[in-house]
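Tertiary structure, described
Chain by chain, the residues run as shown.
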Amino acid sequence: MVLNRRNFLAQSVLRSGVLGCSLAASPLITPVSFAAAPWDHRLVVIILRGGMDGLDVVRPTGDPHFAALRPGLTAADVASGADLDLDGFYRLHPALAPLMPLWRSGDLGVVHAVSTPYRDKRSHFEGQDLLEAGTLNVGAAQDGWLNRMLQCVPGVEGETAFALGQMKVLEGAAPVANWHPKANMRISPQTEQLLVHVMEGDPLFEATLNEAISLSAEATDPFFDPEAKGMSGDMSPRLPQYGPLALAAYAAERLRGDTRIAAFSVNGWDTHARQRERLGRRLSDLAEVILTLQARLGAEVWGKTAVVAMTEFGRTARENGSKGTDHGTGGAMLLAGGAVRGGRVFGAWPGLEEGDLYDRRDLLPTADVRSAAAWILRGIAPLTRADLEAKVFPGLDMGEDPGLLS
Amino acid sequence: MYSLLTFSTALAEIRFGYGLSPRTAAPVSVADMLARLSGPDLNARAFPIPDLKAAGALSAERRRLLRAQKAQAGQAGYEAATAAVNAQLKQMNQTRRRWAGQVMLRRIAGQDGFRERLVAFWGDHFTALGKNQALRHWATPYVQTDLRPLVTGRFADLLTAAVMHPLMLHYLDQSRSVGPDSPAAQQLGLGLNENLAREVLELHTLGVDGPYAQQDVRQLAALFTGLGFRVKGRRVFQPNRAQPGAEVVLGQSYGPEPGLAPIRAALEDLARHPATARHLARKLAVHFISDTPPEPLITALETAYLDHDTALFPVYEALLQHPDAWGAQLRNVKPPLDFITSALRALDVGAADLSRLGDKGLRQLFDLPLRALGQTWERPDGPDGWPEEDTAWLTPPGLAIRLRWAMAAPVRLIDQLPDPSSFADTALGPFVEGRLRFAAAAAETRKDGIGLVLMSPAFNRR
């Protein structure tokens, strides 16, 4: 082959980040080796796009003001006991019932009343940009916090981190693989050479093709190739070829190997109307995603894994006029995995009395969601607090260690 | 005029249309492009798509059949009623696919590429989708029949038509929003929903950096109450759902009598707002020119917009007459759908070729690849439509899936594949580089050669 991984990595250096650690700390400008990964824990970041209603997912039924705010959304479940008691104060949305065994074994946790620093405009798109940039203000960085984290750790390679789909959180100067289970290429060596030749005049296309070629060469899991014979027998039901479940399964295969970080999105949380049905469906999907990760990672790797699901903002404390909720501020972060110290809801509860609400309408965030993310990063990878507060999440005060990991 | 010095026929088709075609005559000047745009809409005539009335009739029929099915529950007629529901659903899906084919034909066989790109641009700017089976097929008539004639008119009129369209009222939950102090609020137990009002300010008009606050969102939402639609496809205004009294949006009072007039007045003012001019000018420049468009170009579009009372034709004129529009370097990466569309155009795929493929072939060659490429037909993730930035589309898996399509699809689309070298000239005109010429000639098979042309950076940019 005309190309090798080294020049594909060298080309990805061209994409520069504005913040972050010195690239000299990474092996990109020295010969690359493909030995062991730089640390052992696994991290899966799931971005829940659309604004997940934390108050409906993890319901503070112990708060005396909650019931009045959500008469149409949760009253029926409270009356029937369809939702699930977590700790006497919070109850879990019934659609997450499949995750209760994880809760009981300490593999599922929640951080409540958190948000990014984003306030007031309540735009999905700005909110997601800020969530993924990890900065204090919108537009302060072009790269994502997960990428800057990679820049701070020595020994990061092209497949240490995988983005499945477009994930700004992983974009930046550090090498990151981006792949999709349907993307295996099947072309003859001659055609491949000609293709490389055709791309040579355009650096961006050339670098992208080189990455595609090397990833395609390794993507040999017959489970993901619908045309290959002999599906792997251990996972009996055939997974969808598209959507979050396919991504979760693909991420798990990678994380069983040298990959340490995977990031993908689960969309559809913007429940302005008919929230009972719509949120329930999304949560069922999310539960399946987490269980797929658990099953496909296997007990040993799952034991070293932290799954972090975060969203751009929570939703209004009061349900709106059409059995839904509008864009809000404080929300919840979900944690799963054997590395998580689950079975508890973290976070300081601000209360739901009108005067306690942010702007008299939203759950008041009592902590920066970046702080929770920073403590998790610190627990899974060799990072200093100084780097986390200055480079990964510039300007963040991580505060006390909440002990999110076991 | 200086712009005529930099005009290029190939760029007119590649940058401002759906690419070069061996069949249709490319524009010969900016004046020619503008004349086509101001002339009769030949593509719509050649490949008709009905309006929302026809779409609404199908929806109403579905509702009727579902009711009939429900009435038969547990009775002898249930099976037959269910079969009728399923048969009609199949018919609706076929209709939707046929309309998708008409949209594709407008783009691949038509002579007015710039109009088609503008229709797609504004359809995306005002993204609206049917969120259930009964309304899913509305998206095509919404853009292609209802918004289409307005894309050369005033933005204020386009905005009003889009925001008050039944599909938009459905998509952004407006039809469920009720004034908190209206008679209906008590009877129905419903209230305000902010969704449409927020997106009108953030996406459709001022832009997220625009000078509005949460209070403006609430007030606009209250002003919109009363807007609703019938499943037959008709918009209605229901005064008993409207919030009584006046609403103040951006310091301007609308009302106090609820109705369509104050809503139209507010949309008119929002359309004329300088922040809207800026937002739209930038978006157009990004869409047609580059992810980082030159500032003078944005200013030119903005000025044309404000000087002409939101009329869009002068904005397009300013775009096409600006030297920055004709930079010889191809920049923006085509989104997957436009990549496939321009491939069909270059391959001279016609109506007969598409119908020969049948449902299964269309699924294999369009629906599934578009889905894998992240651009499922008429299903963007949110009301912000499809991403514009190159990095959203130029990814390793994206390129690999384009490659699979480029190698496999052409041979199934047309009877006889052209010679790869001449196909390169057909598809790219003056943009065929030496490397591509070599590769097209050196390919092992005709199929591979065509695939290489389609995969070239020049073919994937515009």
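Residues numbered from 1 in each chain as written. Chains lettered and ligands numbered in written order. Predicted model: local features only at pLDDT ≥ 70, side-chain atom pairs only at ≥ 80, totals over all residues. Heavy atoms only, no water.

Chain B goes by DUF1800 domain-containing protein in an unreviewed UniProt entry, where it is assigned to Tritonibacter multivorans.

Looking at an unreviewed UniProt entry, chain A carries the name Twin-arginine translocation pathway signal, with the source organism given as Tritonibacter multivorans.

1. A closer look at the sheet that holds strand E2 (residues 58-59) of chain A
Residue and element names in this part refer to chain A. To be explicit about the condition: Strand pairing follows a simple DSSP-based rule, namely that at least 2 bridges must link the two strands. In DSSP terms, a helix is any run of H or I states spanning at least four residues, a strand is any run of E spanning at least two, and both are numbered starting from the N terminus.
As summarised here, the arrangement of the 3 strands in space is E2-E4-E3, forming an open sheet in which the pairing is antiparallel. The open sheet is flanked by E2 and strand E3 (84-85), the only strands paired with a single partner. Of the pairings in the sheet, the one linking E2 to strand E4 (residues 91-92) comprises 2 bridges and is antiparallel in character. Note on E4: the bridge partner recorded for valine 58 is leucine 92.

2. Digging into the environment of proline 98 of chain A
Residues and elements named next belong to chain A. Quick reminder of the rule: Only protein chains enter the calculation, and the probe is 1.4 Å; a residue is then buried if its accessible area is under 20% of its type maximum, exposed if over 50%, and partly exposed in between. Working rule for contacts: check all heavy atoms of both residues, and any pair within 4.5 Å makes them a contact.
Structurally, proline 98 can be placed in the loop between E4 and helix H5 (100-104). You can call proline 98 partly exposed: its relative accessible area is 41%. Each C-alpha atom, one on proline 98 and one on leucine 291, is 8.4 Å from the other, the two residues being 193 residues apart in sequence. The residues touching proline 98, leaving out its near neighbours within four places in the chain, are Ala287 and Leu291.

3. Some thoughts on unusual backbone geometry
Residue and element names in this part refer to chain B. Following glycine 255, the chain continues into proline 256 via a peptide bond in cis, with omega recorded as 5 degrees. Summarising the element assignment, proline 256 is placed in the loop between strand E4 (252-254) and helix H14 (260-272). The phi torsion at glutamate 378 lies on the positive side, around 55 degrees, for a residue other than glycine.

4. Focus on the side chain of arginine 136 of chain B
Residue and element names in this part refer to chain B. We count it as follows: Two residue types count as positive, namely Lys and Arg, and two as negative, namely Asp and Glu; His and chain ends fall outside the count. Put simply, a salt bridge is a Lys or Arg side-chain nitrogen that is within 4 Å of an Asp or Glu carboxyl oxygen.
With respect to the helices and strands, arginine 136 occurs in the loop between helix H7 (113-125) and helix H8 (139-147). As a buried residue without a salt bridge, arginine 136 has its nearest oppositely charged side chain in glutamate 378, at a separation of 8.2 Å. With residues near it in sequence (within four places) discarded, arginine 136 still touches Arg96, Gly130, Lys131 and Arg379.

5. A few points about the domain arrangement of chain B
All names here are of chain B. In plain terms, the rule: Where each domain begins and ends follows an automated or database-derived domain assignment. Accessible area that two parts lose when put together, evaluated with a 1.4 Å probe and summed over both, is termed the buried area. Whenever a nitrogen or oxygen atom comes within 3.5 Å of another N or O atom, the pair is scored as a polar contact, on the condition that within protein one atom can donate a hydrogen and the other can accept it, and that pairs from neighbouring residues in sequence are kept only if both atoms are in side chains.
As assigned here, chain B comprises domain 1 (41-147), domain 2 (167-272) and domain 3 (336-460). Of note, the centres of domain 1 and domain 3, computed from C-alpha atoms alone, are 26 Å apart. Taken together, the contacts link 21 residues of domain 1 with 24 residues of domain 3. Taken together, the two surfaces of domain 1 and domain 3 that pack against each other cover about 1800 Å², and 55% of this comes from carbon and sulfur. Across the domain 1-domain 3 interface, the total number found is 3 salt bridges. In this structure, aspartate 367 engages arginine 97 in a salt bridge whose closest nitrogen and oxygen atoms are separated by 2.9 Å. Joining domain 1 to domain 3, the criterion identifies 7 residue pairs in polar contact (both at pLDDT 80 or more). When residues of the side of domain 1 that touches domain 3 are traced back to their parent elements, those giving at least two are helix H6 (78-109), H7 and H8.

6. What to know about helix H12 (residues 195-204) of chain B
Most of H12 of chain B sits inside the fold, with 10 of its 10 residues counted as buried. Considered for burial, the residues of H12 of chain B that qualify are Asn195, Leu196, Ala197, Arg198, Glu199, Val200, Leu201, Glu202, Leu203 and His204 of chain B.

7. Re the layout of surface pockets
Residue and element names in this part refer to chain B. Our working rule: Cavities and pockets are defined on a 1 Å grid built over the protein atoms alone: a cavity is a set of grid points where a 1.4 Å probe fits but cannot escape, while a pocket is an open set with protein on both sides within 12 Å along at least five of seven lines, and lining residues are those with an atom within 4 Å of any such point. Grid points are joined across faces, edges and corners, and a volume is the space filled by probe spheres set on the points. Side-chain classes follow a simple rule in which Ala, Val, Leu, Ile, Met, Phe, Trp, Tyr, Cys and Pro form the nonpolar group, Asp, Glu, Lys and Arg form the charged group, and the remainder, Gly included, forms the polar group.
Quantified by volume, the second largest pocket comes out at close to 600 Å³. Lining the second largest pocket are 22 residues, with Arg63, Asn132, His170, Arg176 and Phe229 positioned closest to its centre. When residues of the lining of the second largest pocket are traced back to their parent elements, those giving at least two are helix H5 (52-71) and strand E1 (227-229). For the lining of the second largest pocket, the leading source of residues is H5, giving 3 residues. Class assignment for the residues of the lining of the second largest pocket results in 6 nonpolar, 6 polar and 10 charged. Looking at the lining of the second largest pocket, you find at least three residues from each of domain 1 (41-147) and domain 2 (167-272).

8. Observations regarding the interface of chain B and chain A
Contact with chain B, which involves 54 residues of that partner, is made by 52 residues of chain A. In total, chain B and chain A occlude about 4500 Å² of area from one another, counting both sides; carbon and sulfur atoms represent 60% of this. For the chain B face of the interface with chain A, the top three residues by lost area are Pro396, Arg404 and Arg435 of chain B, together amounting to 14%. Inspection of the chain B/chain A interface yields 2 salt bridges. Here aspartate 202 of chain A and arginine 461 of chain B are joined by a salt bridge, their closest N and O atoms 2.7 Å apart. The interface formed by chain B and chain A contains 18 residue pairs in polar contact (both at pLDDT 80 or more). Of all elements in the fold, only H12, helix H13 (214-224), helix H19 (351-372), helix H20 (390-393), helix H21 (396-408), helix H24 (434-442), helix H25 (446-455) and helix H26 (457-460) of chain B reach the threshold of two or more residues within the side of chain B that touches chain A.

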